[in-house]
Amino acid sequence: MKIRQASIEEALDSLKSSLDGLSQAEAERRLSEYGPNRIEDVGRESVWLGFIKEFTSFFALILWVAAGLAFFAESQKPGEHMSTLGYAILGVIVVNGLFSYWQQYRAERAIAALQRLLPFYVKALRDGKVGLILAADLVPGDVILLQEGDNVPADCRLLEAFSLRVNNATVTGESLPKARDALPSQEEDWVYSRNILLAGTSIVSGEGKAVVFATGIHSEFGKIAHLTQTSGETIFPLQREIARLSRFISLLSIVIGIVFFVIGRSMGLPFWDNFIFAIGIIVANVPEGLLPTVTLSLAMATQRMAKRNALIRHLPSVEALGSATVICTDKTGTLTMNRMAAKTLYLSGKMLTPTEARRQDKLVRDNRRFFENAFLCHNLKEAVVSGKVELLGDPMEIALTRMAKICLGEAISYPKINEVPFDTDRKRLSTIHQTPKGVVLYCKGALEALLPLCKSAQIDGAIVELAPDIINHFTQAQEDMTGKGLRVLAVAWRELSGNNGGKQQEQNMILCGLVGLEDPPRPEVPEAIRKCRQAGIKVIMVTGDHPNTALAIARQIGQIESNHPVVITGDKLRKLSETQLRLALDAPDIIFARVGADQKMRIVSALKKKKEVVAVTGDGVNDAPALKMADIGIAMGLTGSDVAKEASDMILLDDNFASIVAAIEEGRAVYASIRKFLTYILASNIPEMVPYLAFSLFKIPLPLTIIQILAVDLGTDMIPALGLGAEKPTPDSMLKPPRPAKERLIDGRLLLRSYLFLGLMEAAASMAAYFFVLSAGGWHWGKILAESDSLYLQATTACLSTIVMMQAMNVFLCKTPGGSVFIAKLFDNKIILWGIALEIVLILAIDYTPWGNLVFGTAPIALEVWLLMPPFAFGMLLLEEARKSIVSRYRGRAK
C-alpha cells in the first residue's frame, strides 16, 4: 500500500517508526544508510578544465599555430621581428580566452541556491523528546513538527494537522495555498495528495506533525534538482554561428596559406620569404578582433537591456532572445500579479464589482454581514514588515479583508471566540465572534457546501426563505463567475445563543452573497502579448494551475483568440506520444495546465525538435530544469526563487512579462548589429591579404607587414566595429517575424559584399597608394628594397593608412546595409564617431611618432598621399549606393 493511502498506524509501521519518532541510535544508522538530507552535486567539469578549454578552441588553435610558426621563424632567421608578431598573437589568444571564460561558470551556483532554500534546523522527535536538529540530518522515519512560516525540509506524510495550509507554488506551480490533513488519500498523483508535504514548500497557516519518507535526492525537490543538473548546457545560436564562422575562416586561411606557399615555391621564392608569406595569409584572414568585439558588443547590449529591467546573465543569450520564436511562460507571478483580488460580488440578486458596491451606501448597509464575514472570517496573522503592520497568510483571505475594509470604510474588531477550521471535505471555514449585537457565526466556502446548511437568504437587507428560484439565481451567478476563471466563495452567517463552536452550529444559516476572486493579470501583459503576436512570436502558457483558470487568464490577456483552443493537462500530456505532442504544438492557441517540472522539460524539448528557438519564463523551483534546457531561460527577479535565477540566462528585474518584449527588441537589434560589424571586419581582410598575393605572384616588395595587419585588426578597427555592434533597435524591428531558422549570421550575401565588393575596393585603393609612393620615389619593377629603406617604409605606411581611411568610410556604409547613407541618421551613434576620431589619431601616431615608426615599421608620408585617399573613399560610397539601389529595385520587382 502506498504511504498516502495508508492509515497513520500503517504509514508509521511501513517506515519502522512511531509517534515518538526514532531513537537517536536508529537515526544515526539510517543517516549512514540513506545519506544526508541535501542535494548532492553530480559530476561536473572542473573550473580549471573549463578555463583551459577556452584557450584550445579551434579558433584559438589556429592562432597558437601561427604564433608557434612566428617564433620558429625567428629562431631560424633572427632579425625579422617575427618574435614581435608571435607575442602579439599570444596577446590575442589571452584576450579572447579571458573574454569567453567567464560565461561558462554557473552550474554549481544553482546547487548552492537549492541548498539555501532548505531550512537549516527543524523540530524533530527523537527518543520521544522534541529537539532542534539540522535539516541535513533528517532521515526517513523521523517525526517532525511544523507550524506556520516553516519550510518543509523533506517529503513527509502528515500524522496530525490543525487548520494546515501549504504553499506548493515553488514545486507544483499551484498559485493558491492548499489545505492538508492526515486522512488517507486516494489521489492518483501523490504530489497533489492532501496528506503529503513536499520538500521546499512552506506552511502558510496552521500546524502539524509529519513523518519523513523521502530525503535529499529522493524527494520530489531533489528530483527537480537532479533534472536541473543533468539537463546539459545550452549552446546558444550565436555560439553555434561564431563557432561555424571561426571554422570557416580558419580553414579558409589555412587552405589559402598552403596553396600560395606551394605557388611561391614553384615560382622560386626563397623558403623563409615564402614562409613569412604563408603566416601573413593566415593572420590576414583570421579576424583576431572578432571575439573581443562580439563580447564587448553583447556586454553593451546587456547594459541597455538592464535599463529596461532585463538583466542578462550569459552574454550570447542576448542574441538568442532576439531570435526567439516561442515563449513558454508560467502564469502565476509572470502573467499575473501573484496576489488575489476580489473582482465580482453577487449581492441582493445583483452582480457588481467591489468599486460599484462601495459607492452604494444602502447596499453596503443592507449587506453588512457579508462584508463583516469577509473581514473577520480568516486565519491571517499580523506582522511588522519594514516598519508596517501587514497581514500574512492565505492571499485569498488577504484579498477579502482588503475588499471588506474598503467597502465598509473602516476596520472592524470583533473578538474571535471560536473557530471551525477549514478542510477539503467540509470545503468551508467558520469563525465565531462577539459582536455588539451578540455572538455571530461567519462562514465562507464552496456554494455547494453551504447550500445544504442554509435555510434563508438575505436579499436587500431582508431575510427570506431560500426558495428554489433563489438557489437557481445563486447557482447561475456562480456559473457566470467560474466561466470567467474566478474562484467563487459563498458567504453565510447566523446568530448564536452561546459561544460554543462546532460543526453543529453550522446549521440554519443565512446565505448572503457570493464573491469571485482572481489573480489579476499584470496590466502591461495584454499589450506585450499583442506585440509578441505582431512580431511572429508564439506565446504558450505552461502552468501548474487549474486549466479553467489558465484558460480564463489567457483570454483576458489576449493569448487565446480562437473559440476552441487546445488545453492539455498534465495527465493528458503523460498519455501523448512524442509525435502527438509535436502535432498538438502546431495549434495556434495552446495551453498546458497541471504540468510538472519534467513535463515542462518535455514541452521545451519537443519545441526544440520542431526547430523552434524557445524562451521559457518562470519563478519557482519547478521551473528551473525547463529554464536551463531552453534556448534562453527567463527568471523573475522579485518573486523568483534562487534556483530559478541561477538556472536562467536572463532575469526580469521587475517581474514584468512586458519587459520581455523590450528585451526581444534589443536582441533583434544585436543580431542586425553583429552582421553590420562582421561586414566591416571582414571587408578589411581583402586589403590585408591582397598585398601578400601581390608579393608572391608579382615579386614586389611586401606592401603590408604582419604587425601592420594587427594594427588594423586589434587597433584602428576595434572601436568603430564596437560602435556598429551597439546600434539601437530600428522602429520596425518588432513588426517583422523572427528570422528563419536556416538563416546564417554569415551567409553568401554578407561574404560577397564584404570580400568581393567593399574589400576589393579597399584593396584597390591601398595598393594604388602603395605604388603611388614607390613610383614617386623612383622605384621600378624588379628593384629590391631593403626593409629599412625609407621609401619602402613610406610605401607600406601609405598602404596601411589608406586601409584605415577606407574603413572610416566603410563604417558608415555598414551602418546602413539596406538604406541610403544620404537619408540615414549617420551621427546618432557616438561610439562610431569617437571610434573614427580615435582611429585617425591612432594612425597619425603610428605614422608620425618615433615609437609608432619603431613598433609598426612605418615612416612619415607626404600630404599628397593623404589627398589621394578621399577620391577612393567617396568612389566606394557612390558604388555602394548604386549597388543598394539596384538591389532595392530587384527586390521590388520580385514582390
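Reference entry: report on the structure contained in this document. (Residues numbered from 1 in each chain as written. Predicted model: local features only at pLDDT ≥ 70, side-chain atom pairs only at ≥ 80, totals over all residues. Heavy atoms only, no water.)

With that out of the way, let us pick up the packing of aromatic side chains. Aromatic ring pairs are reported here in terms of the distance separating the ring centres and the angle at which the planes meet. In the structure shown here, the tally under the stated rule is six aromatic pairs. Between Phe771 and Trp779 the ring centres are 6.4 Å apart and the planes differ by 40°, which places this aromatic pair in the tilted class. Trp779 sits in the buried class, given a relative accessible area of 12%. An aromatic cluster is defined as three or more aromatic residues linked by ring pairs; in this entry it consists of Tyr770, Phe771 and Trp779. Residue placement shows Arg739 over the ring face of Tyr671; its charged tip is 3.6 Å from the ring centre. Directly above the ring of Phe757 sits Arg883, whose terminal nitrogen or CZ lies 6.0 Å from the centroid. (Phe/Tyr/Trp six-rings, centres within 6.5 Å; stacked < 30°, edge-to-face > 60°. Buried < 20%, exposed > 50% of the residue type's maximum accessible area, 1.4 Å probe, protein only. Lys NZ or Arg CZ within 6 Å of the ring centre and 35° of its normal.)

The next subject is unusual backbone geometry. One non-glycine residue with positive phi stands out, namely Asp127, at about 60°. Here Asp127 lies in the loop between β1 (121–126) and β2 (129–134). For Lys611, which is not glycine, the phi dihedral falls at a positive 70°. With respect to the helices and strands, the residue Lys611 is situated in the loop between α23 (597–609) and β24 (614–618). (Helix = DSSP H or I, 4+ residues; strand = E, 2+ residues; numbered from the N terminus.)

On to the packing of helix α26 (residues 658–683) against helix α30 (residues 748–776), then. Here α26 crosses α30 at 40°, and the two axes come no closer than 8 Å. Between α26 and α30, the angle falls in the class oblique. Helix-helix and strand crossings are classified by hand; for α26 and α30 the assignment is right-handed. Taken together, the residues of α30 that come into contact with α26 (itself represented by Arg675, Leu678, Thr679, Leu682 and Ala683) are Arg749, Leu750, Leu751, Arg753, Ser754, Tyr755, Leu758, Gly759 and Glu762. Its residues assigned to classes, the contact of α26 with α30 comprises seven nonpolar, three polar and four charged. (Axes fitted to C-alpha atoms, helices over the stretch in contact; angles between N-to-C directions. Parallel < 35°, antiparallel > 145°, perpendicular 65-115°, else oblique. Left-handed = near helix turned anticlockwise from the far one by under 90°. Contact = heavy atoms within 4.5 Å. Nonpolar A, V, L, I, M, F, W, Y, C, P; charged D, E, K, R; others polar.)

Right, let's talk about α30 for a bit. With 29 residues, α30 should cover 42 Å at 1.5 Å per step; its first-to-last C-alpha distance of 40 Å lies within 8% of that length. The sharpest bend along α30 measures roughly 40° and falls at Gly759. In the stretch just after α30, Gly778 is the one whose phi turns positive, near 90°. (Expected span 1.5 Å × (residues − 1). Bend = angle between axes of the 7 residues up to and from the residue.)

With that settled, consider a nonpolar patch on the surface. A cluster of nonpolar side chains, contributed by Tyr121, Leu132 and Leu134, occupies part of the molecular surface with about 340 Å² of accessible area. Along the polypeptide, Tyr121 turns up in strand β1. (Patch = residues over 30% accessible without salt bridge, like charges linked within 9 Å, V, L, I, M, F, W, Y side chains within 5 Å. Areas by Shrake-Rupley, 256 points an atom, 1.4 Å probe, with all protein chains shown as cover. Salt bridge = Lys/Arg side-chain N within 4 Å of Asp/Glu carboxyl O.)

Let us now look at the nonpolar core. Counting 134 residues, the largest nonpolar core has Leu321, Met650 and Phe657 as the members making the most contacts within it. Here the element with the most residues in this core is helix α31 (residues 790–815); it accounts for 17 residues. Apart from the residues within four sequence positions on either side, Met650 is in contact with Met305, Ala310, Leu311, Ile312, Arg313, Leu321, Ile632, Gly633, Ile634, Ala635 and Ala663. Phe375, Cys377, Leu429 and Val491 belong to the second-largest nonpolar core, a separate cluster that totals 33 residues. (Core = buried A, V, L, I, M, F, W, Y, C linked by side-chain atoms within 4.5 Å.)

This next bit is on the pattern of salt bridges. Across all of its chains, the model carries 29 salt bridges by this definition. Between Glu33 and Arg29 there is a salt bridge, with the nearest N and O atoms lying 3.1 Å from each other. Here the residue Glu33 and the residue Arg29 both occupy positions in helix α2 (residues 24–34), the gap between them amounting to four residues, near one helical turn. Judged by its relative accessible area of 48%, Glu33 falls in the partly exposed class. A relative accessible area of 42% means that Arg29 is categorised as partly exposed. Taking the shortest distance from any N to any O, the salt bridge between Glu578 and Lys609 comes out at 3.8 Å. On the criterion of sequence distance, the pair formed by Glu578 in helix α22 (residues 578–584) and Lys609 in helix α23 is long-range, its members being 31 residues apart.

Moving on, we come to the packing of helix α28 (residues 706–716) against α31. Relative to each other, α28 and α31 sit at 25°, their axes nearing to 10 Å. Classed by the angle they form, the pair α28 and α31 counts as roughly parallel. Considering only the axes of α28 and α31, their crossing is right-handed. Contacts from Gln708, Val712 and Thr716 of α28 reach α31 at Thr796, Leu800, Ile803 and Val804. By residue class, the composition of the contact of α28 with α31 is four nonpolar, three polar and no charged.

Relative to the helices and strands, Glu666 is located in helix α26. At 3.2 Å, the side chain of Glu666 and the side chain of Arg308 are in polar contact. Once residues within four sequence positions are removed from consideration, Glu666 is found in contact with Arg304, Met305, Arg308 and Pro729. (Polar contact = N/O pair within 3.5 Å; in protein donor to acceptor, adjacent residues only side chain to side chain.)

Buried residues dominate strand β15 (residues 428–435), accounting for seven of its eight residues. Note: strand β14 (residues 416–420) against β15, four bridges, orientation antiparallel. Note that in β15 the partner of Asn418 across the bridge is Ile432. Bridge analysis of β15 against strand β16 (residues 438–445) gives eight bridges, and the strand direction is antiparallel. What sits directly across from Gln434, in β16, is Val439. Hairpin connection, β15 to β16: the antiparallel pair is bridged by two residues. (Pairing = 2+ DSSP bridges.)

This part takes up the pairing of β2. As paired elements, β1 and β2 share six bridges and run antiparallel to each other. Its bridge partner lying in β2, Tyr121 is registered against Leu134. The antiparallel hairpin formed by β1 and β2 contains two residues in its connecting segment, where Asp127 sits at a positive phi of about 60°.

Take the sheet that holds strand β25 (residues 632–636) next. The mixed open sheet is built from eight strands, whose spatial order is β8-β26-β25-β24-β9-β21-β23-β22. The outermost strands of the open sheet, each flanked by one partner alone, are β8 (310–312) and β22 (566–569). Within this sheet the neighbouring strands show an average axis-to-axis angle of 20°, counted without direction. Alignment of β24 against β25, held across four bridges, turns out to be parallel. When the bridges of β25 are listed, Thr617 appears paired with Ile634. This element, helix α20 (residues 547–557), spans β21 (538–542), β22 and β23 (590–593) of the sheet and lies at about 145° to β23. Across the sheet, α26 is in contact with β8, β9 (326–329), β24, β25 and β26 (650–652); its angle to β26 comes to roughly 140°.

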